[in-house]
Amino acid sequence: MNTFSGSFGDARIDQRAASLFHDLRETQAVSIRRIADSRAKQIAYYRLLDNEALTDDALRTALTTRTAHHARDAAHVLCIQDTTQFNFQAHAGRLGADSGFGVIGDNASLGFFLHPTLAMDADTGHALGFSHVAMWTRPAQRADATTRKRLPLEDKESFRWIESIKHSRAALPGSVRLTAVADREGDIYDLFARLPPASHAIVRMCRNRQLPEGKLFAVLAAAPVAGTAVVRLRGDLRRGTTARTAELHYRYRRLTVPRSSACRDAAVPAEVTLWGIEVRESAESAGATPAGATPVHWRLLTTHQVETYADASRVVSWYQQRWHVEQLFRLMKTDGFALESSELEQSASVLRLTYLVLGAALEVLRLMLAERGESTEPLGQVFDEAEQACLSSLNRRLGSGSASQSNPHAEGTLGWAGWVIARLGGWKGLRSERRAGPVVYCRGLTRFRSLFHGWLLAQGDVCTP
Ligand SMILES: [Mn+2]
């Protein structure tokens, strides 16, 4: 159950890393001061995170090894990659000049970048883990944009999109079919041209490429409507939009995409065959969008063959799984672990801690997905037997209200546990209510862990870990 135990080939590092990961899961917090319950432990954790022997490679491998294990029975895995940045500018006064942090997207604030690849079982919807993780700091003094553009692809930050697929392929069992999923930033010719064996890609289009028959966007828009879907779109609290119904037109077309001029590698094929998919809100539906909401318009490029409307909607549904990586980022930030509030003083230490936070946030994401009915995972991977017994008694108490407030999941599934945790986090569990978000699960887990300790004491079992 502990992703980081026995991973580092050094008994002391192993023991400390496992202990830190355990405490991180217990408290759902990253402040070492707060999560260590003794001064000795606090010092041990600081030393661990400062220790150069705890390498990036070993931490990444601890995560990906576990993912490969979970993926052993999967047929098709979506490898969803995305970048986020962590802003440490609020700590600038405290951090020394040698802190090792770089600048983030605004080229001024201190921080670092994280680019994880979340592996999801395409058939069951289980979050399997991470098939790759990349982190980097960007130097404050960078070459100008024109010089950067001329760099070989291998030296550009954008190469991460291609590298992540290569590493994911190597991390996952050979029997698994892999589909890489990326947003607009991943719209790179080489990504498609250099795909490893048994691998596909779905990328949101960014570039209006020149094709033999005309400009890509126009070519795709000229394809006939293959099907129409009426969907319920969720509202976005932050943008002040509410849920609404939209009518979507699907178009697709087989494309021959020539090598882009930016690609100078002669070893890369001169053209690739791809399929373009356009999902666009019908004029009528778009005309009725409420203020603040943008009409739906997605264009995807994929190596998956698209011959029917059903093929197109399957590819789109895989692309939509990208949302989970956004949830994961929310969990790592203010809606959960609040990694940006870490008191650590060296970027290298924060980066080490980030691997552990990824492991802990993944568990929360699993609970959320399971409770939303998007997965049927057994609960043994997240809760041990004693914890399960405690969940059972809590479930009896929480579910004793009206029928509309009882746990709808089968006992023993992760969804069932997710329901109990969300209820503990303050969610009412009413079927009419909004689904619980990340912050509710984090709060619920913190509450559960403290209740669990009390419950163990009441059972006469004082050997708490
Ligand atoms: Mn992105």
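For the structure, see preceding data.
Cut-offs used in this document
- Residues numbered from 1 in each chain as written.
- Predicted model: local features only at pLDDT ≥ 70, side-chain atom pairs only at ≥ 80, totals over all residues.
- Heavy atoms only, no water.
- Donors = N, O, S within 2.8 Å, 3.2 Å for Na, K, Ca; no water.
- Helix = DSSP H or I, 4+ residues; strand = E, 2+ residues; numbered from the N terminus.
- Buried < 20%, exposed > 50% of the residue type's maximum accessible area, 1.4 Å probe, protein only.
- Pairing = 2+ DSSP bridges.
- Expected span 1.5 Å × (residues − 1).
- Arc of directions from axis to C-beta.
- Contact = heavy atoms within 4.5 Å.
- Polar contact = N/O pair within 3.5 Å; in protein donor to acceptor, adjacent residues only side chain to side chain.
- Phe/Tyr/Trp six-rings, centres within 6.5 Å; stacked < 30°, edge-to-face > 60°.
- Lys NZ or Arg CZ within 6 Å of the ring centre and 35° of its normal.
- Axes fitted to C-alpha atoms, helices over the stretch in contact; angles between N-to-C directions.
- Parallel < 35°, antiparallel > 145°, perpendicular 65-115°, else oblique.
- Nonpolar A, V, L, I, M, F, W, Y, C, P; charged D, E, K, R; others polar.
- 1 Å grid on protein atoms, 1.4 Å probe; cavity = no way out; pocket = protein on both sides within 12 Å on 5 of 7 lines; lining within 4 Å.
- Points joined across faces, edges and corners; volume = space filled by probe spheres on them.

## Some words on the coordination of the manganese ion
Line of reasoning, step 1. Listed as protein donors to the manganese ion are Asp82 (OD) and Asp183 (OD); their distances from the metal cover 2.1 Å. With a gap of 101 residues between them, Asp82 in the loop between β1 (76-81) and β2 (84-87) and Asp183 in the loop between β6 (177-182) and α7 (189-193) connect regions that are remote in the sequence.

## A closer look at the pairing of β6
Line of reasoning, step 1. Burial runs high along β6: 5 of the 6 residues are buried.
Line of reasoning, step 2. Across 5 bridges, β6 lies against strand β7 (residues 199-204) in parallel orientation. Of the residues in β7, the one forming a bridge with Thr179 is His200.

## Brief notes about helix α3 (residues 39-50)
Line of reasoning, step 1. With 12 residues, α3 should cover 16 Å at 1.5 Å per step; its first-to-last C-alpha distance of 17 Å lies within 8% of that length.
Line of reasoning, step 2. Listing the buried residues of α3 in full gives Gln42, Ala44, Tyr45, Leu48 and Leu49. Down the axis of α3, the sector holding all buried residues measures 165°, keeping them to one side. Of the exposed residues in α3, the ones pointing more than 90 degrees away from its buried face are Arg39, Ala40 and Arg47.
Line of reasoning, step 3. The inward-facing, buried residues of α3 abut α1 (11-27), α2 (32-35) and α12 (347-371).

## Topic: the side chain of Thr84
Line of reasoning, step 1. Position of Thr84 relative to the elements: it lies in strand β2.
Line of reasoning, step 2. Engagement of the side chain of Thr84 in a polar contact is seen with the side chain of Lys333, the distance being 2.6 Å.
Line of reasoning, step 3. With near-sequence residues (within four places) excluded, Thr84 lies in contact with Phe112, Phe113, Leu114, Phe329 and Lys333.

## A look at the packing of aromatic side chains
Line of reasoning, step 1. Evaluation of the coordinates by the stated rule reveals 9 aromatic pairs.
Line of reasoning, step 2. With a centroid separation of 5.1 Å and 20° between ring planes, the pair formed by Phe86 and Phe112 is classed as stacked. Of this pair, Phe86 sits in strand β2 while Phe112 sits in strand β4 (residues 110-121), and the two are 26 residues apart along the sequence. Each of the two residues, Phe86 as well as Phe112, counts as buried.
Line of reasoning, step 3. Seen from their ring centres, Phe383 and Phe448 are 5.7 Å apart, and the 90° between their planes marks the pair as edge-to-face. Placement of the pair is Phe383 in the loop between α12 and α13 (385-398) and Phe448 in helix α15 (residues 438-458), with a sequence separation of 65 residues. For the pair shown, Phe383 and Phe448 are each scored as buried.
Line of reasoning, step 4. One cation-aromatic arrangement involves Arg299 over Phe217; the distance from NZ or CZ to the ring centre is 3.7 Å.
Line of reasoning, step 5. Between Lys333 and the ring centre of Phe86, over which it is positioned, the NZ or CZ distance is 5.1 Å.

## As for the packing of α1 against α15
Line of reasoning, step 1. Direction vectors running N to C along α1 and α15 enclose 105°, while the axes themselves pass 6 Å from each other. With respect to α15, the axis of α1 lies roughly perpendicular. Contacts from Arg25, Glu26 and Thr27 of α1 reach α15 at Thr446, Arg449 and His453.
Line of reasoning, step 2. Partitioning the contact of α1 with α15 into residue classes produces no nonpolar, 3 polar and 3 charged.

## A word on the layout of surface pockets
Line of reasoning, step 1. In this model, the second largest pocket occupies a volume close to 1,400 Å³.
Line of reasoning, step 2. Lining of the second largest pocket is provided by 47 residues; of these, Arg148, Leu153, Lys156, Glu157 and Ser158 occupy positions nearest its centre.
Line of reasoning, step 3. The set of elements that each furnish at least two residues to the lining of the second largest pocket consists of β5 (127-136), α5 (145-150), α6 (160-171), α7 and β11 (244-258).
Line of reasoning, step 4. Residues of the lining of the second largest pocket, tallied by class, amount to 17 nonpolar, 9 polar and 21 charged.

## What to know about unusual backbone geometry
Only a minority of non-glycine residues have a phi that is not negative, and only a minority of peptide bonds are not trans.
Line of reasoning, step 1. The phi dihedral of Gln28 falls on the positive side, at around 50°, and the residue is not glycine.
Line of reasoning, step 2. Examined against the element boundaries, Gln28 turns out to sit in the loop between α1 and α2.
Line of reasoning, step 3. Among the residues examined, Gln28 registers a relative accessible area of 7% and is labelled buried.
Line of reasoning, step 4. One non-glycine residue, Ala198, adopts positive backbone phi at about 55°.
Line of reasoning, step 5. Mapped onto the fold, Ala198 is located in the loop between α7 and β7.
Line of reasoning, step 6. For Ala198, a relative accessible area of 47% translates into the label partly exposed.

## Examining the pairing of strand β13 (residues 297-302)
Line of reasoning, step 1. The buried fraction of β13 amounts to 5 of the 6 residues, a majority that puts the element mostly inside the structure.
Line of reasoning, step 2. The pairing of β7 with β13 spans 3 bridges and is antiparallel. Considered in β13, the bridge of Ile202 is made with Thr302.
Line of reasoning, step 3. Direction of pairing for strand β12 (residues 271-281) relative to β13: antiparallel, over a ladder of 6 bridges. Across the sheet, Gly276 pairs through a bridge with Leu301, a residue of β13.

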